[in-house]
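Notes for the structure review
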Amino acid sequence: MERYLRPFLEQHLVELRQMVFLTGPRQIGKTTLAKSLLERSVPGRNYFNWDLPDHRKKLLSEIFPGKTILPKERICFDEIHKYKRWKNTLKGLFDTHEPDAHWIVTGSAALNVYRRGQDSLLGRHFTYHLLPLSVGELVANSTQIRSLDDLTKGEFDSRSKSHQEAFEDLLERGGFPEPFIHDSPRFLRQWRISRLERLLNQDLAQTENLRQMSLVENLMFLLPERVGSPLSINSLREDLEVHFVTVKHWIDLLERLFYGFRIGTYAEKRSRMLKKESKFYLWDWTEIAKPGIRFENLVAVHLLKYVLFRNEIEGEELVLNYIKDREKREIDFVLGNRRNPILGIECKSSEPHHLNSLSYFARRLGLQRLLVLTKEPGDIKRIRHRETTIDILPASTFLATLV
């Protein structure tokens, strides 16, 4: 299965001088994709994995000190961010070998290059996120809607059986390639346990010296129950019996290590909209037992994948938020640019009966389009509700238009 980023990364390596920084959740396929971009993967020559002792030894004793000259070919540095001096080291290597530094740097943690004011890699890299499988990626839709303007003004195709099948498969198996391909509930459970253990005992342990690892594990048990609702740090603090700042720091770490992600609120100045509470979602939505919340989480991943793709490939400035006010009116997701919200999206397990919140925020914020995505298949409907036009359509139909 060729991943959606491959042609764009290939183009980057041919046309641009900057390094490719490829990041995303553990076991999402970064190494496989990176190796596919090498003419021929030769361990110890053009592929180096920091997690492998022999590779790590060669990097520290030969490559980084400059005793061995790197070949003038594509090279992959896998999980190199686990080396404390990786930024300055890469800067030195890049400046020495440019313009022959056609390098791919992968990481299962966010590659923070601006930490503590350092900008040593400024202008030397572009970052790309490889994210879970999606409906659009599985059906390889040649008519994919690529711009927010098209999503706002374009029409959606009638329902497709292949789109609904891809959507249902993803909902059940998740978006990580290995368990999706295996299509086995038992394998999925075993894989999930293994992934969480590695995230906790390897990635998290190597990132920071945490003395209360068991409490961080308890936090990971609590977070799936909070998906889809505004995340209360105070509530988590009380459950874990630790300080507010400690819980916030742990959530920051889990987000950086791609356990989950937060979607913030959109709020106007001097309005009654909530401004501080974010929602937390998981990259692996199969951890969520409740069908409706799992569905919403799947949609959140699709939307964030689309936003990051447009921003990283096209240089746009799209943002993903949600809206909720003190009267508990809410829209699940709002897509827009950094200035204005444009498209409102609501997730419903079945055809909705109450649309007051959508109509209210459409008038209040001037949203250009409102979509209600239903979990079940059905016809596309357009209705009028209090002078507001709302499109109701299967989630699979909409998600197939995204990347």
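Residues numbered from 1 in each chain as written. Predicted model: local features only at pLDDT ≥ 70, side-chain atom pairs only at ≥ 80, totals over all residues. Heavy atoms only, no water.

**Focus: the pairing of strand S1 (residues 19–23)**
We apply this condition: Only protein chains enter the accessibility calculation, which uses a 1.4 Å probe; a residue whose area is less than 20% of its type maximum is buried, one above 50% is exposed, and one in between is partly exposed. Starting at the N terminus, helices and strands are each numbered in turn, a helix being any DSSP run of H or I of at least four residues and a strand any DSSP run of E of at least two. Should DSSP find at least two bridges between two strands, the strands are regarded as paired.
For S1, a buried count of 5 out of 5 residues is recorded, marking the element as mostly surrounded by other parts of the structure. On S1, burial covers both faces: Met19, Phe21 and Thr23 on one face and Val20 and Leu22 on the other are all buried. Sheet topology places S1 next to strand S4 (residues 103–107); 4 bridges connect them, and they run parallel. For Phe21, the partnering residue across the bridge sits in S4 and is Val105.

**Let's talk about unusual backbone geometry**
Cis geometry is found at the peptide bond from Glu98 to Pro99, where omega equals 15 degrees. Mapping Pro99 onto the fold places it in the loop between helix H4 (86–97) and S4. Its identity as a non-glycine residue notwithstanding, Glu79 has a phi of 60 degrees, on the positive side. With respect to the secondary-structure elements, Glu79 resides in the loop between strand S3 (75–78) and H4. Not every positive phi belongs to a glycine, and Glu241 is a case in point at roughly 60 degrees. Along the chain, Glu241 falls in the loop between helix H11 (233–240) and helix H12 (244–256). The exposed category is assigned to Glu241, whose relative accessible area is 71%.

**Some details on the side chain of Glu296**
The following threshold applies: Residues count as neighbours in contact if any of their non-hydrogen atoms are within 4.5 Å of one another.
Turning to its location among the elements, Glu296 is positioned in helix H13 (residues 291–314). Given the relative accessible area of 9%, Glu296 is considered buried. In this view, Glu296 contacts Gly228, Lys279, Tyr281, Asp332, Phe333 and Cys347; residues no more than four positions away in its chain are not counted.

**With respect to the side chain of Asn297**
Tracing the backbone through its elements, the reader meets Asn297 in helix H13. When residues no more than four places from it in sequence are discounted, the contact partners of Asn297 are Val227, Tyr281, Leu282, Trp285 and Ile288.

**What about the confidence of the model for the protein?**
Reading predicted coordinates in detail is not appropriate for stretches of low pLDDT. Rules: Note on scores: pLDDT gives the predictor's confidence for each residue, bounded by 0 and 100.
Scored by pLDDT, the protein has a mean of 89; 93% of the residues are at 70 or more. This stretch, residues 114–118, has a pLDDT under 50; its non-local contacts, to residues over four places away or in other chains, come to 6 contacts.

**Quick word on the sheet that holds strand S12 (residues 381–385)**
Heads up, the condition is: Inter-axis angles, ranging from 0 to 180 degrees, are taken between N-to-C directions of lines fitted to C-alpha atoms, where helices are fitted over the stretch in contact.
Spatially, S8-S9-S10-S11-S13-S12 is the arrangement adopted by the 6 strands of the open sheet, whose pairing is mixed. In this open sheet, the two strands that pair with only one neighbour each are strand S8 (318–324) and S12. Shown here is a sheet whose adjacent strand axes are inclined to one another by a mean of 30 degrees, direction ignored. Here S8 pairs with strand S9 (residues 330–337) via 6 bridges, running antiparallel. Within the sheet, the bridge partner assigned to Asn321 lies in S9 and is Val334. Where H13 meets the sheet, it contacts S8, S9, strand S10 (341–348) and strand S11 (369–374), and its direction lies at approximately 145 degrees from that of S8.

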